[in-house]
Amino acid sequence: MTRLARITAFIVALLVPCLSALGELRFPPPEFESGYRFPEMAPLPVARPALYEYIDAALLVVALLLASYLILRRRSRRAIFGLMILALFYFGFVRDGCICPIGAIQNVTLTVFDSTYAIPLAAAAFFVIPLVFTLFCGRVFCGAVCPLGAIQDAVLIHPVRVPRWLESGLRLLAYTYLGAAVLFAAIGSAFLICRYDPFVGFFRLNGNWNILVLGVSLLVIGLFVGRPYCRFLCPYGVILRQLSRLSKRRVTITPSECIKCRLCEDACPFGAIREPTEDWPEGEYKIAKRRLTLFLLLLPVLVAAGGWAGYSLKERLARVHPRVRTAERVYLEETGQVTGTTNASDAFRTTGQTSEALYKEATEIRGQFAVGGAWLGVFIGFVAGGKLMALSVRRRRTEYEADPASCLACGRCYKYCPKEHERRKKTREAVGGR
Amino acid sequence: MANDKENLTRRKFLREGLWGACLAGTGTAAGLSIARNNRDNTVWQIDPYKCIACGNCATFCVLENSAVKCVQAYAICGYCDLCTGYLVPEPKALDTGAENELCPTGAIKRTYVEDPYYEYTIDESLCNGCGKCVNGCAAFGNGSLFLQVRHDRCKNCNECAIAAACPSQAFKRVPADQPYLLKKVDAKE
């Protein structure tokens, strides 16, 4: 009996592919005689309740309020460091580094460009709240709340000074990264920032080998160059820089007035302290003026070159999109240029779509990338031109101050200021005298 | 001197204006997000009818041990003796010997029910989501084995690494209160 059943089953198994129609079971469910019942399916684990998202957003607000207080009022590096480690622990290790404001840029971009996309509430909150805080208090998010900043800040042991021109040049990477992330998120093909998040693997103690290597290298660089990701790569940092220029309040090195003692000159590991400047010396002024004019004339050239370069990269950029890749593969297969199929082309054929429809879709996406790529190029050209110009103007400054854009609000410079010591002494006396 | 002062106020005016514009901008972003939000939390899931069990789930997940596991829909299962999800295409013998098993981690348990039927159960702690059994079952069986994202393991990444690598666009975001896309029995008729 058993043997017979086996043989029948085997023959049936061989025949079924020919006989079976879609949506029909090849083997009818057995009618058991022994009273067997289907086992209860083990309850499937539920997803994280939405409530936690609200808790995360609330914790973000609390952390930012506390950070603003510690950075602007209390002015204590030790307290800021403590908060930073707590934030690293919660937003990093407990929450697995997701969602973060840096990645939320892409969710917001997708919301703008794709009307069918519903943004998670947490993503929207994580994008907007730090921006608002930056408008009021400067980059307090970078200083004490961002887990990516914190993990780099914690390993910084021997800061090396990076020349201003190099720092400014390297920062072009961050602008490019922001532009590319927005472009790819807008056309709906990829979330680059998440894909190449260097530290998320540490937070999860688990992850892709290549990205872990990238993260470790950034941390090794970070031993000597303070917060390399924040300064040269972070796309969210680019937005915060610009908003921080406008902020109502921000980090001041001295609590009262600067006495130009130069003690804080080397205090900042991120090169954000600007020394007082004189006007250009007579001879140099002329050269600088000429240089500025040249750069001003160069700006349209850079913008045009960027736009053209971005446009001509459209084929390559579009290849990031899975539909375009599938279309290219299917085309190669159908024109006989390659033999064999891939998973993607097989999957496409099972959908029953015509290849013409697929090609049309791919052409559309390529067109979008042509426009988007050109815009990306224009943006990069514009930023590069702006940077050249910014390097050749000199702003008059009468005291040592933290550069509003570059200052990461870590609070390291406070204790270098003799005026700060005076202030602390006074506070201590006031507290003690009470 | 007077000129200087005027300049200062102009600069201040510009600054204030820009500041206001930025605040309005973030406000717009927030408003737009709230307007577009469907208030449903979403999570990643695999549409079993689109999945081609290519094996990417086992290798592309950000977790070393993938969040994707195989699920057995007993009501669809044929309880075959010669299970093509359990056994390699040409088994040396019809038994549970490791050389005959298709599953690379031995995560499928075969239990005798009654002649000629066998029950197949997934041991989730062993399953790595490679989909070999899914493929075998779909090719010659009823297709009762399929892959699902397990939400106790899934980190709900902003961009799912498996979704990005999925050749059949089987990954999609689903409401968090109904986080599974299970194969239904009524699909047979």
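A. View of the overall build of chain A. The number of helices and strands found in chain A is 19 helices and 2 strands. Over its C-alpha trace chain A gives a radius of gyration of 29 Å, far above what one expects of a compact globule, namely 22 Å for 434 residues. For chain A, the spread of C-alpha atoms along the principal axes amounts to about 100 × 60 × 35 Å. Out of the 434 residues in chain A, the part that is buried amounts to 40%. Within chain A, contacts between residues separated by at least 24 positions form 82% of all contacts whose residues are at least 6 apart in sequence.

B. Geometry of the overall build of chain B. Per the secondary structure count, chain B includes 4 helices and 6 strands. In chain B, the succession of α and β elements from N to C terminus is α-β-α-β-β-β-α-β-α-β. Compactness check: chain B gives a C-alpha radius of gyration of 27 Å against a globular reference of 16 Å for 189 residues, more than 25% above the reference. Principal-axis analysis of the C-alpha atoms gives chain B an extent of 100 × 35 × 25 Å. Looking at chain B residue by residue over its 189 residues, the buried ones come to 43%. Sequence-distant contacts in chain B: of pairs separated by 6 or more residues, those separated by 24 or more amount to 74%.

C. The arrangement of the confidence of the model for chain A in detail. On average, residues of chain A score 89 in pLDDT, and 94% of them are at 70 or above. A low-confidence stretch, residues 12-22 of chain A stays under pLDDT 50, and its non-local contacts, those more than four residues away or across chains, total 7 contacts.

D. Seen up close, the interface of chain B and chain A. If you look at the interface, chain B gives 56 residues, while chain A gives 61 residues. Top element by residues in the side of chain B that touches chain A is helix α1 (residues 2-36) of chain B. It accounts for 12 residues. The residue inventory of the side of chain B that touches chain A, partitioned by class, reads 31 nonpolar, 14 polar and 11 charged.

E. Examining the packing of helix α2 (residues 51-74) of chain A against helix α5 (residues 121-137) of chain A more closely. Residues and elements named next belong to chain A. Contact geometry of α2 with α5 gives a least axis separation of 10 Å together with a crossing angle of 15°. Taken together, the axes of α2 and α5 are roughly parallel relative to one another. Between α2 and α5 the crossing geometry is right-handed. Only Leu121, Ala122, Ala125, Phe126, Ile129, Pro130, Phe133 and Cys137 of α5 make contact with α2, whose side of the interface consists of Glu53, Asp56, Ala57, Leu60, Val61, Leu64, Ser68 and Leu72. Taken together, the residues of the contact of α2 with α5 break down into 13 nonpolar, 1 polar and 2 charged.

F. Spotlight on unusual backbone geometry. Look at the link from Cys98 of chain A to Ile99 of chain A: it is a cis peptide, with omega at 10°. Looking at the secondary structure, you find Ile99 of chain A in the loop between α3 (77-94) and α4 (101-113). A cis amide bond, omega -5°, links Asp115 of chain B with the succeeding residue Pro116 of chain B. Assignment of secondary structure puts Pro116 of chain B in the loop between β3 (108-114) and β4 (117-122). At Arg227 of chain A, a residue that is not glycine, the phi angle is positive and equals roughly 45°. With respect to the secondary-structure elements, Arg227 of chain A resides in the loop between α11 (209-222) and α12 (228-232). Here Arg227 of chain A falls in the buried class, since 28 other C-beta atoms lie within 10 Å of it.

G. Looking closely at the domain arrangement of chain B. Looking at the assigned domains, one finds that chain B contains domain 1 (1-37) and domain 2 (42-188). Relative to domain 2 of chain B, the C-alpha centre of domain 1 of chain B lies at a distance of 55 Å.

H. Here's a closer look at the domain arrangement of chain A. Residue and element names in this part refer to chain A. The assigned domain composition of chain A is domain 1 (65-256 + 402-429) and domain 2 (297-389). Opposite the 12 residues of domain 1 that make contact, domain 2 presents 13 residues. Here the residues of the side of domain 1 that touches domain 2 sort into 8 nonpolar, 4 polar and no charged.

I. Quick peek at the pairing of β3 of chain B. Residues and elements named next belong to chain B. Here β3 runs beside β4; their pairing, made up of 6 bridges, is antiparallel. Each residue of the ladder has a partner; that of Tyr112, found in β4, is Tyr118. Linking β3 to β4, which pair antiparallel, is a turn of 2 residues.

J. Quick peek at the nonpolar core. Residues and elements named next belong to chain A. By size, the foremost hydrophobic cluster in this structure holds 161 residues, and its most contacted members are Ala67, Phe126, Ala144 and Ala181. Sorting elements by how many residues they give to this core places α5 first, with 13 residues. If near-sequence neighbours (up to four positions away) are discounted, Ala67 is found in contact with Leu83, Val140, Gly143, Ala144 and Val145.

K. Spatial organisation of the environment of Tyr400 of chain A. Residues and elements named next belong to chain A. Mapped onto the secondary structure, Tyr400 falls in the loop between α18 (355-391) and β2 (401-402). For Tyr400 and Glu315, which are 85 residues apart along the polypeptide, the C-alpha to C-alpha distance reads 49 Å. Beyond its immediate chain neighbours, meaning those up to four positions away, Tyr400 contacts Ile253, Cys258, Lys260, Cys264, Ile273, Glu275 and Pro276.

L. The arrangement of helix α3 (residues 132-140) of chain B in detail. Of all 9 residues making up α3 of chain B, 8 are buried, and the element is well covered by its neighbours. Along α3 of chain B, the residues classified as buried are Lys132, Cys133, Val134, Asn135, Gly136, Cys137, Ala138 and Phe140 of chain B.

M. Looking closely at the environment of Asp115 of chain B. Looking at the secondary structure, you find Asp115 of chain B in the loop between β3 and β4. Distance in space between the C-alpha atoms of Asp115 of chain B and Asp81 of chain B is 8.8 Å, their sequence separation being 34 residues.

N. Looking closely at the confidence of the model for chain B. Considering every residue of chain B, the mean pLDDT works out to 87; 93% of them sit at 70 or more. Under the prediction, the complex receives an ipTM of 0.85, its pTM being 0.89.

O. Spatial organisation of the pairing of strand β5 (residues 145-149) of chain B. All names here are of chain B. Across the 5 residues that make up β5, a large majority, 5, are buried. Here β5 shows two buried faces, one formed by Leu145, Leu147 and Val149 and the other by Phe146 and Gln148. For strand β2 (residues 68-72) and β5, the ladder comprises 5 bridges, and the chain directions are antiparallel. Bridge pairing in β5 places Cys70 opposite Leu147.

P. View of the environment of Thr96 of chain B. All names here are of chain B. Take Thr96: it is sitting in the loop between β2 and β3. The class of Thr96 is partly exposed, set by 15 C-beta atoms lying within 10 Å. Separated by 14 residues in the primary sequence, Thr96 and Arg110 place their C-alpha atoms 7.4 Å from one another.

Parameters and conventions
- Residues numbered from 1 in each chain as written.
- Chains lettered and ligands numbered in written order.
- Predicted model: local features only at pLDDT ≥ 70, side-chain atom pairs only at ≥ 80, totals over all residues.
- Helix = DSSP H or I, 4+ residues; strand = E, 2+ residues; numbered from the N terminus.
- Rg over C-alpha atoms; globule rule 2.2 N^0.38 Å.
- Buried ≥ 20, exposed ≤ 12 C-beta atoms within 10 Å, placed from the backbone.
- Contact = placed C-beta atoms within 7 Å.
- pLDDT = per-residue confidence, 0-100.
- Nonpolar A, V, L, I, M, F, W, Y, C, P; charged D, E, K, R; others polar.
- Axes fitted to C-alpha atoms, helices over the stretch in contact; angles between N-to-C directions.
- Parallel < 35°, antiparallel > 145°, perpendicular 65-115°, else oblique.
- Left-handed = near helix turned anticlockwise from the far one by under 90°.
- Domains from an automatic or database assignment.
- Pairing = 2+ DSSP bridges.
- Core = buried A, V, L, I, M, F, W, Y, C linked by C-beta atoms within 7 Å.

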